[in-house]
Structure formats: C-alpha cells, structure tokens
Amino acid sequence: MINNLINSWQFEDGKEKDVVLSSRIRLARNLMEYEFPNKSTEVEKNKLISYLKEKLNFLINDGYNFYLMENLDDIERAVLHEEHLISRDHSINPKTRALFLNNKSHLSIMINEEDHLRIQILSVGLEFEDLWEKIDSLDDQIDKKVNYAFSEKWGYLTSCPTNVGTALRASVMCHLPALVLSGRIDNILGEVGKFGLTVRGISGEGSDTEAELFQISNQITLGFNEKEIIDKLESVIKQIIAEERKSRKYLLKNNYIKLKDNVARALGLLKYAYQLEESESLKYLSRIKFGQDTDLIDDKLDEGVFSKLLFKIKEAHLKYNFGYDITEEKLRIKRAEVIKNILNEE
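Cut-offs used in this document
Residues numbered from 1 in each chain as written. Predicted model: local features only at pLDDT ≥ 70, side-chain atom pairs only at ≥ 80, totals over all residues. Heavy atoms only, no water. Axes fitted to C-alpha atoms, helices over the stretch in contact; angles between N-to-C directions. Helix = DSSP H or I, 4+ residues; strand = E, 2+ residues; numbered from the N terminus. Parallel < 35°, antiparallel > 145°, perpendicular 65-115°, else oblique. Left-handed = near helix turned anticlockwise from the far one by under 90°. Contact = heavy atoms within 4.5 Å. Nonpolar A, V, L, I, M, F, W, Y, C, P; charged D, E, K, R; others polar. Buried < 20%, exposed > 50% of the residue type's maximum accessible area, 1.4 Å probe, protein only. Core = buried A, V, L, I, M, F, W, Y, C linked by side-chain atoms within 4.5 Å. Salt bridge = Lys/Arg side-chain N within 4 Å of Asp/Glu carboxyl O. Expected span 1.5 Å × (residues − 1). Arc of directions from axis to C-beta.

Student: Can you help me understand the packing of helix α9 (residues 278-293) against helix α10 (residues 305-312) in this one?
Tutor: Each packed pair of helices is defined by two parameters, the angle between the axes and the distance between the axes. In contact at an axis separation of 10 Å, α9 and α10 are set at 165° when each is read in the N-to-C sense. Judged by the angle between their axes, α9 and α10 are roughly antiparallel. The crossing of α9 and α10 is left-handed. Packed against α9, whose contacting residues are Leu282, Leu285, Ser286, Ile288, Lys289 and Gln292, the element α10 presents Val305, Phe306, Leu309 and Leu310 at the interface. Split by residue class, the contact of α9 with α10 holds seven nonpolar, two polar and one charged.

Encoded structure:
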C-alpha cells in the first residue's frame, strides 16, 4: 500500500497559475557499471534495484518511501501515473522496476524506466527557478553515491540519443481555453517547434489534449546547459501566457454574453448531472476554470475547484476511493457525485 497516495501538489499556489497549471523538471541518469535498461537482463535490473536501494538509503531519512512496482497493485500504479508521478510504462510494466517517492516535496525517482534513474519534481504554476534548485541539489546528492555514465564530450549518456547532453526535460501544463475558442491555438503552438519545443496532451507523449490543457516541453538537450534550456522554455511560455490573456480580453469584449452563457451551462450541468463521462467532465470543468479566471461566474466556488477535481474524477482515482470492482455505470455516477460535492462546498 502506498503511503499518502493521493498527492497534494496540485492544490498549492504558484506564479501565473491561471494559465500554467504545473511545471515539471525531469533528469535522466544512468550508472557506468551497469548495462542500460534496454540492454540489461532481468537479473541485472534486479541487482541494480538492490544496489540503488542501498546506496540511496539516505533518501528514506529525507521523507522518501521506497516501492517495488510489482508490490503495488494495478490501481495504485495507475493513480501514480494519473498524478504524473510515474510514467505510463512504469505503471503498466512493473516488473524489475522500483520507485523512491516523496509526496511532501513532490519528488519521484523511477528506477529502471528507460534509463536507470528518472528523477523528477512537480509544482503548481511557473516555478522553474525553485524546481531547478531542488532537483539539482538532489542530483548532486545522488551523484556522490553512484558513478554516473558521463562523457566530457557528450554529457550525460542516456538510452535514447535525444536525451544525451543535459538529459533534462522541462515542461509546463498550460490551460489555454481562449486560444482554443478564438481559433488561434494551432498558429500559436505551431510556432513552438522553431524554438526546439514540443507540444503534447495532458498525459504526455502520445496522449490527446483534454480540458484545453497542453503540455509544452524542450526537445533539445545537447549543446545547451540546463539554465539555457529552462530560460528558453520559460521565455516562450511567457509569450504564450501573454497571447492567452490577450485572447481572453478580446473574447470578453466581443462575446461576453455568449461566454457567460457557455460557462453557466457548464456549471449547471456539473451541478445537477447524475452520471458523467470523464471526457465531458473535463470539458465542462475547463469551462468553469475559464469562467473563474475571467470573473464570468457569479456563484461562489472554491478557487481551486479545477485542481481539486482534475485527478479525482479519473478512473483509477475513483476505483481507489470507491472500490476496485466498481462497474462502468457506477464510475459515471460516482464521478458526478464527487463533482457535485466539491462544487457545493462552502
């Protein structure tokens, strides 16, 4: 059983949080003495887990828990994936994989994912400076305990060539309803590739966009240092934030009643529906967040209602809270109940 499984990072305050839902930094690291995961055997992978569990034992005193992924059930792993604490592959292929998890600091270290170590940290809002300081410190601590695979010419060596160099991936989850509604989203996001960035859906690589949420991250890790990569991403994100806010002002000026009606209908449906699919729930919750951020909602709602519900209404979370054997119909019913309870909180 996971300790404090349901994470709280999404309930905190952060800069630009009306547009930037969250920020994340991830580092890929490999050890010199071991075959990379895509080349190693099950025996070697298990040896690596035992080695890292011993070498990184100091993390236990810093608030981390250690888990063998095979010892967690399907739903527990799925919840961790829904909350972006582990990758999808780490969730669905648990054999010979492990995890160090610090919920309080929103840090996770996946063992034997694509690389020996995948170290990542999450935060609400645009908070790269703070995130980098924390993850860089953790990386230095780990570096003192193990021998990283590092080349003076190429930097950190990784299983995938696209990660060689800093092996750093920085990303943000942006809520961009006005750019979607105004029809500008394709033009705006189509430009990010020119800056070495890529756009994905809420669940990362290969996922669709939901709730008008877009994950934007760096593609290039070689030839730039960590600060240059983060600064470039942050600069582009600030431009996207400005364009989103510009579109919000334009829409409010030219389509106020239509927008207010759209938001009110979304709120009414969520308040009174008896069963809801996940996709339609996210669609209407996105509209409510848009309404809150633009003062289109007259009802007094908790400011963080979107963040509170974003993960709670997902399938694994519902099964974790209401029973693993819950039927599809009851899932839809419970989803509607959870939403109504949060919306009706004083």
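Student: I'm lost on the packing of helix α2 (residues 74-82) against helix α11 (residues 315-322) in this one. Help?
Tutor: As a packed pair, α2 and α11 sit with axes 8 Å apart at the nearest point and diverge in direction by 135°. The angle between α2 and α11 places the two elements in the oblique class. You can see that α2 and α11 cross each other, and the crossing is left-handed. Here Ile75, Glu76, Ala78, Val79 and Glu82 of α2 lie close against α11, whose contacting residues are Glu315, Ala316, His317, Lys319 and Tyr320. Class assignment of the residues belonging to the contact of α2 with α11 gives a composition of five nonpolar, one polar and four charged.

Student: When you look at unusual backbone geometry in this model, what are you seeing that I'm missing?
Tutor: Glycine aside, the phi torsion of most residues is negative, and most peptide linkages are trans. The residue Glu212 is not glycine, and still its phi comes out positive at about 55°. Along the polypeptide, Glu212 turns up in the loop between β9 (197-200) and β10 (213-218). Here Glu212 falls in the buried class, since its relative accessible area comes to 14%. Here the phi dihedral of Asp295 falls at roughly 60°; this positive angle occurs in a residue that is not glycine.

Student: Looking at this structure, I do not really get the nonpolar core. What am I missing?
Tutor: Generally speaking, soluble globular proteins have nonpolar side chains that are buried together. If you look at the biggest cluster of nonpolar residues, it comprises 53 residues, and the most contacted ones within it are Ile25, Ile142, Ile237 and Ile240. It is helix α7 (residues 226-254) that contributes the most residues to this core, seven residues altogether. Setting aside residues up to four positions removed in sequence, Ile25 forms contacts with Ile119, Gln120, Ile121, Phe128, Leu131, Trp132, Ile135, Leu168, Arg169, Ala170 and Ile230. Grouped together as the second largest cluster of nonpolar side chains are 36 residues, Leu251, Ile297, Val305 and Leu318 included.

Student: What's the story with the pattern of salt bridges in this structure? I'm lost.
Tutor: Side-chain pairs of opposite charge can arise whenever the charged atoms involved come near each other. What the rule picks out here adds up to 28 salt bridges. Note that Arg332 and Glu277 form a salt bridge whose closest N and O atoms lie 3.9 Å from each other. With Arg332 in helix α12 (residues 328-343) and Glu277 in the loop between α8 (256-272) and α9, the pair connects residues that are 55 residues apart, well separated along the chain. Accessibility expressed as a relative area gives 23% for Arg332, which makes it partly exposed. Here Lys314 and Glu278 are joined by a salt bridge, their closest N and O atoms 3.1 Å apart.

Student: It is not clear to me how helix α4 (residues 128-143) should be interpreted in this structure. Could you clarify?
Tutor: Note that an α-helix has 3.6 residues per turn; residues three or four places apart therefore point the same way. Counted at 1.5 Å a residue, the expected span for α4 with its 16 residues is 22 Å, and the 21 Å between its end C-alpha atoms agrees. Looking only at α4, the buried set comprises Phe128, Leu131, Trp132, Ile135, Leu138, Asp139 and Ile142. For α4, the angular spread of buried residues about the axis comes to 135°, placing them on one side. Turned more than 90 degrees off the buried face of α4, the exposed positions are Glu129 and Glu133. Contact partners of the buried residues in α4: β1 (20-29), β4 (107-111), β5 (117-124), β7 (155-156), β8 (168-175) and α7.

Limitation: the analysis is restricted to geometry and does not speak to function.
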